[in-house]
Amino acid sequence: MSCPPQTTIKRGQQLNVEIDWQNTGTTSYAFDLIFLVGYIDATGNFVVEYGNYVLDVPSNPGEAKTTTISFTIPPDAPTGTRSGLGIIGDYDPATGNLTALYAYLLCQDSLVIQ
């Protein structure tokens, strides 16, 4: 995973995020990929505002993949600069819990919402 150049997008528009990743393990597995938009608060924590996920993306050992995660920027989203957080893990949408974290990448100030 790597951070893209800063992107400007308007509220109400669709954002398509491509995550390039690779199964570096020794077994086939179905990974969950998540992309979140938010900001870093005064204490250094990432505050989630919105995002989306793709569940159960199958991958064989050593296989490189690109997964696209799409969602619409909420029409009432705050304007300004936001950060993106890409996550590869195991996610339970019923509870909203990440049950395993395999990799993540924080792209600070990667989005400008207008």
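Residues numbered from 1 in each chain as written. Predicted model: local features only at pLDDT ≥ 70, side-chain atom pairs only at ≥ 80, totals over all residues. Heavy atoms only, no water.

Caption draft 1: Here's a closer look at the sheet that holds strand 4 (residues 46–59). With respect to topology, five strands assemble into an open sheet ordered 1-7-6-3-4, the strand pairing being mixed. The open sheet has two edge strands, strand 1 (7–9) and strand 4, and neither has a second partner. Averaged over neighbouring strand pairs, the angle between their axes works out to 35° when direction is ignored. Where strand 1 and strand 7 (residues 97–113) come together, three bridges link them in parallel fashion. (Pairing = 2+ DSSP bridges. Helix = DSSP H or I, 4+ residues; strand = E, 2+ residues; numbered from the N terminus. Axes fitted to C-alpha atoms, helices over the stretch in contact; angles between N-to-C directions.)

Caption draft 2: Seen up close, the packing of aromatic side chains. All told, the structure shown has seven aromatic pairs when counted by the stated rule. Here the aromatic rings of Trp 21 and Phe 31 are separated by 5.4 Å at their centres, their planes lie at 75°, and the arrangement is edge-to-face. Linking Trp 21 in strand 2 (residues 14–22) with Phe 31 in strand 3 (residues 29–40), this pair joins segments that are ten residues apart in sequence. No difference in accessibility class separates Trp 21 from Phe 31, as the two residues are buried. Every member of this aromatic cluster is reached through a ring pair, and the members are Trp 21, Tyr 29, Phe 31 and Tyr 102. (Phe/Tyr/Trp six-rings, centres within 6.5 Å; stacked < 30°, edge-to-face > 60°. Buried < 20%, exposed > 50% of the residue type's maximum accessible area, 1.4 Å probe, protein only.)

Caption draft 3: A look at unusual backbone geometry. If you check the backbone angles, Asp 56 has positive phi at about 55° while not being a glycine. With respect to the secondary-structure elements, Asp 56 resides in strand 4. Positive phi, normally seen in glycine, also occurs at Asp 109, with a value near 50°.

Caption draft 4: Focus on a nonpolar patch on the surface. A grouping of Leu 98, Leu 101 and Tyr 104 is seen on the molecular surface, where their side chains present a nonpolar patch of about 310 Å² in accessible area. Mapping Tyr 104 onto the fold places it in strand 7. (Patch = residues over 30% accessible without salt bridge, like charges linked within 9 Å, V, L, I, M, F, W, Y side chains within 5 Å. Areas by Shrake-Rupley, 256 points an atom, 1.4 Å probe, with all protein chains shown as cover. Salt bridge = Lys/Arg side-chain N within 4 Å of Asp/Glu carboxyl O.)

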